[in-house]
Amino acid sequence: MLTRALRLPALRGSLTSLLPNSTHASLQPVINRSLLQTRFLSNEVRSAIDKAVASAPVVLFMKGTPETPQCGFSRTSIQILGMQGVDPTKFTAFNVLEDQELRDGIKEYSDWPTIPQLYVDNEFIGGCDILINMHKDGSLAELLADKNVLVLEEGEGDIEGEKAEAVRRASEQSTGGRSKDAKGESS
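If you're wondering where the values come from, they're calculated on a predicted model, not measured in any experiment.

This structure, assessed with the given rule, holds five aromatic pairs. With centroids separated by 5.4 Å and ring planes inclined at 20 degrees, the aromatic side chains of F61 and F94 adopt a geometry described as stacked. With a gap of 33 residues between them, F61 in strand β1 (residues 58-62) and F94 in strand β2 (residues 91-95) connect regions that are remote in the sequence. Seen in terms of ring centroids, F61 and Y119 are 5.7 Å apart; in terms of plane orientation they differ by 80 degrees. Their pairing is edge-to-face. With F61 in strand β1 and Y119 in strand β3 (residues 117-120), this pair connects stretches of sequence that are 58 residues apart. Y119 shares its class with F61; the two are buried. Taken together, the ring pairs in this structure connect F61, F94, Y109, W112, Y119 and F124 into an aromatic cluster.

Moving on, we come to a negative patch on the surface. On the surface, E44, E98, D99, E101 and D104 cluster together into a patch of negative charge. Looking at the element boundaries, D99 is found in the loop between β2 and α5 (100-110). Taking relative accessible area as the criterion, D99 reaches 35% and is therefore assigned partly exposed.

Before going further, it helps to spend a moment on the side chain of S110. Inspection of the secondary structure assignment puts S110 in helix α5. A polar contact is formed between the side chain of S110 and the backbone nitrogen of W112, at a distance of 3.2 Å. At a separation of 2.8 Å, a polar atom in the side chain of S110 contacts the side chain of Q117. Discounting residues that sit within four places of it in the chain, S110 has contacts with Q117, Y119 and F124.

All right, on to the confidence of the model for the chain then. Detailed reading of the predicted coordinates is not advisable wherever pLDDT falls low. Model confidence for the chain is summarised by a mean pLDDT of 76, while 61% of its residues fall at 70 or above. Contacts for the low-pLDDT stretch residues 1-18, under 50 throughout, to residues beyond four places or in other chains number two contacts. Long-range and interchain partners of residues 33-38, a stretch whose pLDDT sits below 50, account for zero contacts in this model, where long-range means more than four residues apart.

As used in these notes, a disulfide is a covalent bond between sulfur atoms, one from each of two cysteines. Applying the stated rule across the entire model yields zero disulfides. Here C71 is not cross-linked by a disulfide; its sulfur's nearest cysteine counterpart is in C128, at 7.8 Å. Overall, the relative accessible area of 16% leaves C71 in the buried class. The class for C128 is buried, based on a relative accessible area of 6%.

What counts, and at which threshold
Residues numbered from 1 in each chain as written. Predicted model: local features only at pLDDT ≥ 70, side-chain atom pairs only at ≥ 80, totals over all residues. Heavy atoms only, no water. Phe/Tyr/Trp six-rings, centres within 6.5 Å; stacked < 30°, edge-to-face > 60°. Helix = DSSP H or I, 4+ residues; strand = E, 2+ residues; numbered from the N terminus. Buried < 20%, exposed > 50% of the residue type's maximum accessible area, 1.4 Å probe, protein only. Patch = residues over 30% accessible without salt bridge, like charges linked within 9 Å, V, L, I, M, F, W, Y side chains within 5 Å. Areas by Shrake-Rupley, 256 points an atom, 1.4 Å probe, with all protein chains shown as cover. Salt bridge = Lys/Arg side-chain N within 4 Å of Asp/Glu carboxyl O. Lys, Arg positive; Asp, Glu negative; His and termini not counted. Charge placed at Lys NZ, Arg CZ, Asp CG, Glu CD. Polar contact = N/O pair within 3.5 Å; in protein donor to acceptor, adjacent residues only side chain to side chain. Contact = heavy atoms within 4.5 Å. pLDDT = per-residue confidence, 0-100. Disulfide = S-S within 2.5 Å.

What follows is the structure in structure tokens.
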């Protein structure tokens, strides 16, 4: 009889835990507290982050600024982008330390728990660890080149300059190296 009395409550407890509405009373406060702490991104914050991500081809959400990073991971990310040769005119950074909503919101926006966060052409790439791995295996250089966000070497990719140089050489050959003015007279 004693063994049967001990088994029934245990059995009852295990069966009731299978019911959908059977959360043990000691877990209720924990569940309620975690639901209250879950933050949903407001439309206003989401819209602001959408605009920030679209503000340049390469966007970095970081702690501090590119000139004065406030954490080692942000510093490393800036150094990697610099080594890759990202064009400063195609890059912008946002200091998440200046705005707590941005700091919390960007983590939810990307579903990535850490900062810094890199976006290229509105696409989330990853954090510092991802950048380091992509830098090492060459895939970051490939991605940045494909997106045309690197500084061009002098003369590289300057089609108008190449055409102008070809026309100048052709005209020099036809005029014997003398230049002509607008009236076609030699100088």
